[in-house]
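Summary of the model geometry
Okay, here's what each chain looks like letter by letter:
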Amino acid sequence: MTACALWQEDGERRHRQLLEAISALSGRKRRKLAERSEASGQVSEFNVSCKGAGEKLLLSELLQPIHPKSTLGSVRKELARVKQKAAVELPLSKEEAKRVVREAAYVTSSKEVGKWQQVVLQNRRAEQLVFPLRQDIATVTPLERVTSAWKARTPLEQEIFGLLHKTQQPITDPLLTPEEMASVQAMSLEEARRRRAELQKARAVQSYYEAKARRAKRIKSKKYHRVLKKSRRRQALKEFEQLHKSDPAAALEQLEELEQLRMQERMSLKHQNKGKWARSRAIMAKYDLEARKALQEQLARNKELMQKVQVEPPEEEPCEVPEEDTTALPMPSGANPWMLGKPSGLAPEPEAQEGPRDDTVPGAVESKDEMEEEEEELSEEEALLQDFEQKRQQRTGNPEGHSKDHGADETETGAEQPRDSPVAPDCAEELGDSPVPPDCAEELGDSPVPPDCAEELGDSPVPPDCAEELRDSPVPPVCAEELVSAGLEPPPQAQEELLLSEQLRHVKTMEDMESLAKEELVEEQEKLVALRPGKRARQQEKASVSVTRTGDRHTKKAAAKRKMISLEAVLDGKPQEMDCSSLPVVLEEEEGGMEQRGMITEAFAGDDVVADFRREKRKAEEAVKPQPVNLVLPGWGEWGGTGLKPSAKKVKRFLIKAPPAPPRKDQHLPHVIISEKRNIHAAAHQVSELPFPFERHQQFEQSMRTPLGPTWNTQRAFQKLTAPRVITRAGHIIQPISAEDVPDTAPGSGARLEGEAMPGRKAVPRGKAVPKGKAVPKGKAVPRGKAVPGGKAVPGGKAVPSGRTVPGQKAQPRHRRAR
Amino acid sequence: MRVKVLSRNPDDYVRETKLDLQRVPRNYDPVLHPFEVAREYVRALNATKLERVFAKPFLSSLDGHRDGVNCMAKHPKSLSTVLSGACDGEVKIWNLTKRQCIRTIQAHEGFVRGMCARFCGTSFFTVGDDKTVKQWKMESPEYGEEEEPIHTILGKTVYTGIDHHWKEPVFATCGHQVDIWDEQRTSPKCSLTWGFDSISCVKFNPIETYLLGSCASDRNIVLYDMRKSTPLKKVILNMRTNTLCWNPMEAFIFTAANEDYNLYTFDMRFLESPVMVHMDHVSAVLDVDYSPTGKEFVSASFDKSIRIFPVDKGHSREVYHTKRMQHVITVKWTSDNKYILCGSDEMNIRLWKANASEKLGVLAPREKAAMNYNQKLKEKFQFHPQIRRIARHRHLPKSIYCQIKEQRIMREARRRKEMNRRKHSKPGSVPFVPERKKHIVAVVK
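Residues numbered from 1 in each chain as written. Chains lettered and ligands numbered in written order. Predicted model: local features only at pLDDT ≥ 70, side-chain atom pairs only at ≥ 80, totals over all residues. Heavy atoms only, no water.

1. Quick word on the overall build of chain A
Looking only at helices and strands, chain A features 32 helices and 5 strands. Considering chain A as a whole, with its 819 residues, one finds that 27% of them fall into the buried category. The contacts in chain A between residues at least 6 apart in sequence include a share of 76% that link residues at least 24 apart. (Helix = DSSP H or I, 4+ residues; strand = E, 2+ residues; numbered from the N terminus. Buried < 20%, exposed > 50% of the residue type's maximum accessible area, 1.4 Å probe, protein only. Contact = heavy atoms within 4.5 Å.)

2. Details of the overall build of chain B
The secondary structure content of chain B amounts to 6 helices and 30 strands. A burial count over chain B gives 56% of its 445 residues as buried. A separation of at least 24 residues holds for 49% of the contacts in chain B among residues at least 6 apart in sequence. Per element, the accessible surface of chain B, about 19,900 Å² overall, is 53% carbon and sulfur. (Areas by Shrake-Rupley, 256 points an atom, 1.4 Å probe, with all protein chains shown as cover.)

3. As for the sheet that holds strand β9 (residues 151–154) of chain B
All names here are of chain B. Taking strand neighbours across the sheet as the criterion, the 4 strands line up as β6-β7-β8-β9 in an open arrangement whose pairing is antiparallel. Two strands lie at the open edges of the sheet, namely β6 (112–117) and β9, each paired on one side alone. Put simply, the sheet's adjacent strands are angled 15° from each other on average, direction ignored. With 4 bridges connecting them, strand β8 (residues 132–137) and β9 associate as antiparallel partners. Its bridge partner lying in β9, T132 is registered against L154. (Pairing = 2+ DSSP bridges. Axes fitted to C-alpha atoms, helices over the stretch in contact; angles between N-to-C directions.)

4. Comments concerning helix α4 (residues 385–392) of chain B
Burial of α4(B) is extensive: 6 of the 8 residues sit out of reach of the surface. Along α4(B), the positions that sit buried rather than exposed are B:P385, B:Q386, B:I387, B:R389, B:I390 and B:R392.

5. Focus: a positive patch on the surface
Residue and element names in this part refer to chain B. Where like charges cluster on the molecular surface, the positive patch consists of K405, R408, R411 and R414. Position of R414 among the secondary structure elements: in helix α5 (residues 398–423). Given a relative accessible area of 54%, R414 falls into the exposed group. (Patch = residues over 30% accessible without salt bridge, like charges linked within 9 Å, V, L, I, M, F, W, Y side chains within 5 Å. Salt bridge = Lys/Arg side-chain N within 4 Å of Asp/Glu carboxyl O. Lys, Arg positive; Asp, Glu negative; His and termini not counted. Charge placed at Lys NZ, Arg CZ, Asp CG, Glu CD.)

6. Focus on the sheet that holds strand β18 (residues 241–246) of chain B
Whenever strands of a sheet pair, they do so through backbone hydrogen bonds, lying parallel or antiparallel. Residue and element names in this part refer to chain B. As summarised here, the arrangement of the 4 strands in space is β18-β19-β20-β21, forming an open sheet in which the pairing is antiparallel. Two strands lie at the open edges of the sheet, namely β18 and β21 (276–279), each paired on one side alone. The sheet shows a mean angle of 20° between the axes of neighbouring strands, taken without regard to direction.

7. Let's talk about the interface of chain B and chain A
Counting from both sides, the interface comprises 99 residues of chain B and, opposite them, 112 residues of chain A. Around 9,900 Å² of area is buried between chain B and chain A when both sides are counted, 62% of it from carbon and sulfur atoms. Counting across the interface, chain B meets chain A through 4 salt bridges. Put simply, chain B and chain A have 26 residue pairs in polar contact (both at pLDDT 80 or more) between them. Where the side of chain B that touches chain A is concerned, the elements lending two or more residues are α2 (36–53), β17 (230–237), β24 (306–310), β25 (318–320), α3 (365–380), α4, β29 (393–395) and α5 of chain B. Top contributing element to the side of chain B that touches chain A by residue count: α2(B), with 13 residues. Judged from the 3 bridges that link them, strand β2 (residues 501–503) of chain A and β29(B) form a sheet pairing that is parallel. Counterpart to A:E502 in the pairing with β29(B) is B:R394. (Buried area = accessible area lost by both parts, 1.4 Å probe. Polar contact = N/O pair within 3.5 Å; in protein donor to acceptor, adjacent residues only side chain to side chain.)

8. What to know about the confidence of the model for chain A
Residue and element names in this part refer to chain A. Taken as a whole, chain A shows an average pLDDT of 66; of its residues, 50% reach a score of 70 or greater. When the elements of chain A are averaged for pLDDT, helix α23 (residues 475–483) gives the smallest value, 38, and helix α5 (residues 117–125) the largest, 93. Ignoring residues within four places in sequence, the model shows residues 533–590, a span with pLDDT below 50, making 77 contacts including any to other chains. Within the model, the stretch residues 745–752 combines pLDDT values under 50 with 11 contacts to residues more than four positions away or in other chains. (pLDDT = per-residue confidence, 0-100.)

9. Notes on the pairing of β24(B)
All names here are of chain B. The element β24 is extensively covered by neighbouring structure, given that 5 of its 5 residues are classed as buried. Here β24 shows two buried faces, one formed by I306, I308 and P310 and the other by R307 and F309. Two strands pair when backbone bridges link them, and strand β23 (residues 296–301) and β24 are joined in this way by 5 bridges, in the antiparallel orientation. By the bridge assignment for β24, F297 is matched with F309. Between β23 and β24, which follow one another and run antiparallel, lie 4 residues, and K304 among them has a positive phi close to 70°. Relative to β25, β24 runs antiparallel, the two being bridged by 3 bridges. Across the sheet, I308 pairs through a bridge with E318, a residue of β25.

10. Concerning the pairing of strand β4 (residues 90–95) of chain B
Residues and elements named next belong to chain B. Among the 6 residues in β4, 6 count as buried, and that is most of the element. Taking every second residue as pointing to the same face, both faces of β4 are buried, with E90, K92 and W94 on one and V91, I93 and N95 on the other. Pairing of strand β3 (residues 81–86) with β4 involves 5 bridges; the strand directions are antiparallel. Bridge pairing links V82 to W94 in β4. The antiparallel pairing of β3 with β4 creates a hairpin that spans 3 residues between the two strands, and G89 there sits at a positive phi of about 85°. Alignment of β4 against strand β5 (residues 100–106), held across 6 bridges, turns out to be antiparallel. Bridged to W94 within β5 is C101. Counting the residues in the hairpin turn of β4 and β5 gives 4 residues, including R99, whose phi is positive at 55°.

11. Observations concerning the nonpolar core
In terms of nonpolar packing, the biggest core is built from 62 residues, with A:W116, B:I180, B:L212, B:I221, B:F254, B:F266 and B:M268 touching the most fellow members. Residues in contact with B:F266, not counting those within four places in the same chain, are B:I221, B:V235, B:L237, B:F252, B:I253, B:F254, B:L271, B:S273, B:P274, B:V275 and B:I440. (Core = buried A, V, L, I, M, F, W, Y, C linked by side-chain atoms within 4.5 Å.)

12. Quick notes on the environment of A:W636
Residue and element names in this part refer to chain A. With respect to the helices, strands and loops of the structure, W636 is situated in the loop between β3 (629–630) and α29 (648–654). On the basis of relative accessible area, W636 is assigned to the exposed category, the value being 59%. Distance in space between the C-alpha atoms of W636 and P646 is 8.6 Å, their sequence separation being 10 residues.

13. Description of unusual backbone geometry
Note: most residues except glycine have negative phi, and most peptide bonds are trans. Cis geometry is found at the peptide bond from A:F131 to A:P132, where omega equals -5°. Considering the arrangement of structural elements, one finds A:P132 in the loop between β1 (129–131) and α6 (143–148). You will see that B:K131, though not glycine, has its phi angle at about 65°, which is positive. Positionally, B:K131 belongs in the loop between β7 (123–128) and β8. Residue classification places B:K131 among the partly exposed residues on the basis of a relative accessible area of 34%. The backbone of B:R219 sits at a positive phi, close to 70°, despite the residue not being glycine. Mapped onto the elements of the fold, B:R219 is located in the loop between β15 (211–216) and β16 (220–225).

14. Quick look at helix α9 (residues 189–218) of chain A
When the terminal C-alpha atoms of α9(A) are compared, their 43 Å separation across 30 residues agrees well with the 44 Å that a helix rising 1.5 Å per residue should span. A:E191, A:R195, A:E198, A:L199, A:A202, A:V205, A:Q206, A:Y209, A:E210, A:R214 and A:A216 are the residues of α9(A) that are buried. (Expected span 1.5 Å × (residues − 1).)

15. Observations concerning the environment of B:P248
Tracing the backbone shows B:P248 in the loop between β18 and β19 (253–258). Looking at B:P248, the relative accessible area reads 10%, which means it is buried. For B:P248 and B:G294, which are 46 residues apart along the polypeptide, the C-alpha to C-alpha distance reads 5.7 Å. If near-sequence neighbours (up to four positions away) are discounted, B:P248 is found in contact with A:P736, A:I737, B:P206, B:I207, B:Y290, B:S291, B:P292 and B:G294.

16. Thoughts on the packing of helix α12 (residues 276–284) of chain A against helix α13 (residues 289–306) of chain A
Residue and element names in this part refer to chain A. Relative to each other, α12 and α13 sit at 135°, their axes nearing to 8 Å. Classed by the angle they form, the pair α12 and α13 counts as oblique. In this structure, α12 meets α13 at a crossing whose hand is left-handed. Contact residues: W277, A278, R281, A282 and M284 in α12; A291, A294, L295 and Q298 in α13. Class assignment for the residues of the contact of α12 with α13 results in 7 nonpolar, 1 polar and 1 charged. (Parallel < 35°, antiparallel > 145°, perpendicular 65-115°, else oblique. Left-handed = near helix turned anticlockwise from the far one by under 90°. Nonpolar A, V, L, I, M, F, W, Y, C, P; charged D, E, K, R; others polar.)

Below is the structure:
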């Protein structure tokens with residue numbers, strides 16, 4: 001049975017395979033109907049088999065195509081991915097959503113603002129800032145534009161405008177009359193410049209020419225003048241002939257003029273051989289060939305003059321040439337004298353311009369002696385001048401044509417001319433006479449103050465008398481001395497950071513300021529006094545208590561008094577005369593030296609300064625010597641009372657000898673007293689604590705040591721050192737910074753601004769010598785033993801000379817340091 | 001007789017041309033000029049004294065208002081023009097060179113709460129207690145014209161402040177919320193709110209012009225971004241901030257004038273603690289304005305004084321007061337960095353020099369050089385006790401002086417108490433809180 005069944009099954013399978021193979025051959029898949037092979041409860045009428053009825057249906061299976069290949073594969077993949085994800089969260093609450101938006105906005109906008117970080121740091125650090133950052137040139141709106149927008153409204157305004165209209169004044173647009181416009185346009189800048197250069201040259205040439213003429217005038221040689229005259233005559237003749245050809249009418253006129261001259265000369269009887277010279281010549285003529293010749297000439301001349309019809313060539317006036325040169329200036333239009341760069345008094349003569357330069361001007365011929373002075377030769381200068389003139393005439397060709405339109409103007413200038421023209425030569429004369437260029441002379445006149453004096457005045461920040469005081473008064477040495485410090489005692493009061501000290505008191509004058517300073521001094525001293533015992537103990541360890549006490553008492557008394565004591569008074573108590581090698585010493589002349597010395601000794605007979613000084617030094621040495629400490633108690637261990645002295649044994653035992661003081665620094669300096677005591681007067685002026693931006697006291701001292709003033713620095717360095725931090729220009733509005741203001745930014749995009757924000761980076765304030773920016777712990781005080789900042793600023797081993805010189809000992813250097 | 005004369009080589013003193021400078025022979029050998037420090041010290045001392053002697057900052061008083069001056073505005077294009085609004089609704093325009101009022105407008109009923117000029121200087125805006133925003137022409141009306149605003153916007157609530165954008169025709173008002181308006185419209189472009197308290201001041205950032213800062217009565221300072229129309233961050237201080245002002249040279253820095261007598265300079269990127277706490281006033285600080293160089297600012301206080309603070313210093317460098325000046329409500333630093341204007345309760349506007357001892361007018365070059373030198377000397381020797389003492393000395397009215405003293409005592413007592421508490425409690429349980437952190441309550445994101 002089983003074998004049969006197996007066989008059957010096998011047959012079935014084979015049969016199916018066969019069918020499949022056949023169907024595959026046909027190429028088309030035929031839908032295969034499932035065969036119902038077993039009984040089932042769920043029977044579909046649509047011939048659907050119930051195979052796998054109890055199984056769970058998978059979505060992916062549903063999507064699975066019947067065919068293995070399908071486009072739905074990607075969808076399936078996605079489905080698988082979606083299935084892995086968790087459920088979508090609930091939307092945020094409104095509050096939270098807003099907060100998120102805010103945070104995001106804040107982050108972006110603070111980043112955007114942060115791009116200014118670099119610029120801000122740079123500006124904070126900058127040595128100098130010039131505001132406004134953008135230096136734009138102020139544009140002046142033309143008046144016409146301003147007025148065009150404006151209209152007359154009130155009756156008064158309307159009335160005024162009515163009047164203006166009536167007189168046809170230009171109110172609105174061009175505001176210039178046509179003539180003015182023409183004159184403005186007539187000359188370009190270049191042209192003006194060229195013309196100016198020319199004028200300058202002409203003026204120079206003129207001055208040379210004048211000088212030359214003057215020289216020539218002074219020549220006494222008669223022969224020279226004769227030759228000159230002759231040549232001049234020849235020249236004039238030639239010119240006249242030329243004129244005759246070119247302009248007969250003018251020649252005729254000139255002829256008449258000459259005739260007049262001739263007549264005059266004839267009337268003068270100069271050529272009648274009756275003069276002194278002629279007579280002497282006549283005597284000489286016998287022997288001297290030249291004299292004879294001269295006489296003959298004279299005779300010929302006489303004859304010439306006696307002939308009626310002869311025309312004598314007149315002489316030209318060369319002196320007029322240069323003057324005219326200066327005066328005969330072009331007038332672009334004749335309307336605008338300002339464009340000429342010359343006062344209108346020197347307006348040109350129209351006639352002079354028209355004719356060629358070298359003709360004889362009828363009006364120019366003047367008296368005879370004047371003529372003699374003049375020079376005829378056409379020198380280089382003249383040539384140059386004429387050249388200029390010609391050029392000018394060429395140029396003015398057009399304007400002249402233009403100026404003819406304004407006939408009235410021209411006549412006016414013409415009318416003015418005779419009045420004005422005499423002025424010019426005078427001026428020229430004056431100019432010529434002075435050997436110095438006039439402007440130079442002016443300058444000389446202007447500065448009566450010697451330049452170095454002026455410099456001094458400028459240098460001192462205080463008024464000159466103050467400056468004087470600075471130099472002469474004993475104050476500076478005092479300060480210097482006080483600044484020198486032997487040791488440092490920082491005042492106990494903590495440094496307040498406050499910038500202002502606010503008081504109920506007005507301080508108005510310098511005296512008040514002084515008193516302010518003094519007050520401070522007293523305070524300081526009181527503090528010092530309060531702290532004294534402890535400090536003393538530290539300073540002078542071996543000094544006895546009793547000494548300190550006495551010292552205490554003294555200082556207290558002094559403190560009480562000191563309110564009255566001024567610094568100067570303190571100093572005056574101990575006048576110590578010093579001399580210094582570094583200061584220039586007045587050297588007496590060898591001849592009068594002895595006399596002078598005698599006089600000085602006589603004058604200062606009473607005060608022997610040198611001996612005084614020695615005495616003082618001895619006293620100072622004594623004062624500083626360590627004193628033995630006396631601990632002897634009378635009556636202790638023995639009888640005491642009046643008239644009883646402690647026993648020698650006790651004294652020996654309880655009198656403690658102080659150790660010998662270290663050798664004095666001024667031991668080998670006979671002219672110096674070096675005091676190593678701390679000076680409280682100086683302490684009041686010294687900085688007791690290292691100020692904020694400095695890290696070490698050396699830095700601070702360094703910054704103090706470099707002087708800023710013009711006394712120690714060159715002008716350039718002084719300017720650089722004192723350049724202000726912020727420069728603003730008066731009357732300029734400073735706009736807030738913008739991207740265009742940042743110098744290195746490319747136009748449009750803030751290239752510089754794009755630097756990333758550096759949060760937390762601290763700005764380092766500017767200042768070269770002052771290394772600001774790094775905080776220094778406040779309490780960090782300067783070590784006690786070290787030099788006082790600021791106080792040490794006085795050059796350590798250097799001479800500190802006092803003002804006076806000791807007459808007796810001049811060549812030897814004598815120094816003194818702080819008492 | 002032999003006559004000896006000085007003879008010099010002309011090469012040493014004759015100039016080649018007259019345009020050359022006069023040669024002044026100098027020897028800079030330091031040996032010839034000893035005592036450089038001492039001499040400069042004396043010069044510095046003198047300069048300091050002279051500075052105090054010449055310190056006369058008060059220039060003039062502009063009177064004409066009939067009630068306390070409540071607000072002021074600078075003209076953006078003209079230095080000589082300044083606008084002021086009073087508590088009776090009157091607006092006056094002043095000419096500073098003539099020191100005269102050139103125009104008076106009855107702008108509002110009740111206070112003029114705020115005013116600002118348009119960036120081009122052709123018109124200005126005022127807000128008042130009558131719930132209106134009005135725009136006015138800067139020019140005075142022509143002959144026969146009525147004095148009328150160009151625009152009037154009627155709002156629903158009272159506006160307490162106004163500020164104009166620096167580049168665009170947009171302005172912002174504050175009151176119940178911060179409104180941003182387009183000039184052409186009668187309704188705000190957007191309204192920014194955060195919290196429910198009234199806002200007393202709103203200011204545009206002059207550099208990054210889309211940023212706004214405001215301060216509200218609930219003690220906070222809020223920053224806004226106009227582009228995203230959203231607030232950015234809020235910082236809550238111990239007490240109310242009255243006004244704030246942005247630094248015109250540093251985009252992210254602003255200073256807030258607080259009721260607790262202090263001013264706080266903030267970096268808007270790090271609001272957790274202020275960059276600097278400026279303390280010196282003895283009463284509420286009512287107004288603050290930056291100098292156009294951004295290096296200093298001036299503050300007006302209820303204590304009847306104004307003070308000038310360097311931006312990077314915690315204390316003021318200058319205090320101005322007069323006998324007649326009452327509570328100073330508003331203060332402005334002019335755009336040329338030279339003058340300060342303050343409007344106070346007693347109806348006057350006062351004009352001060354920003355630099356008390358400055359010489360006004362044109363200076364000769366040598367004078368200028370001397371000034372610069374003196375300034376540098378003062379700077380160089382500023383740490384020396386005598387000089388510092390003189391430079392710091394200021395006269396104060398008794399009330400302020402006493403209050404300062406009192407407050408110093410109080411501060412000292414507080415400090416001592418804290419110290420004692422720290423001493424007697426477990427180490428670390430009483431932390432050191434820096435001054436900067438003390439005044440910040442919270443920063444709200």
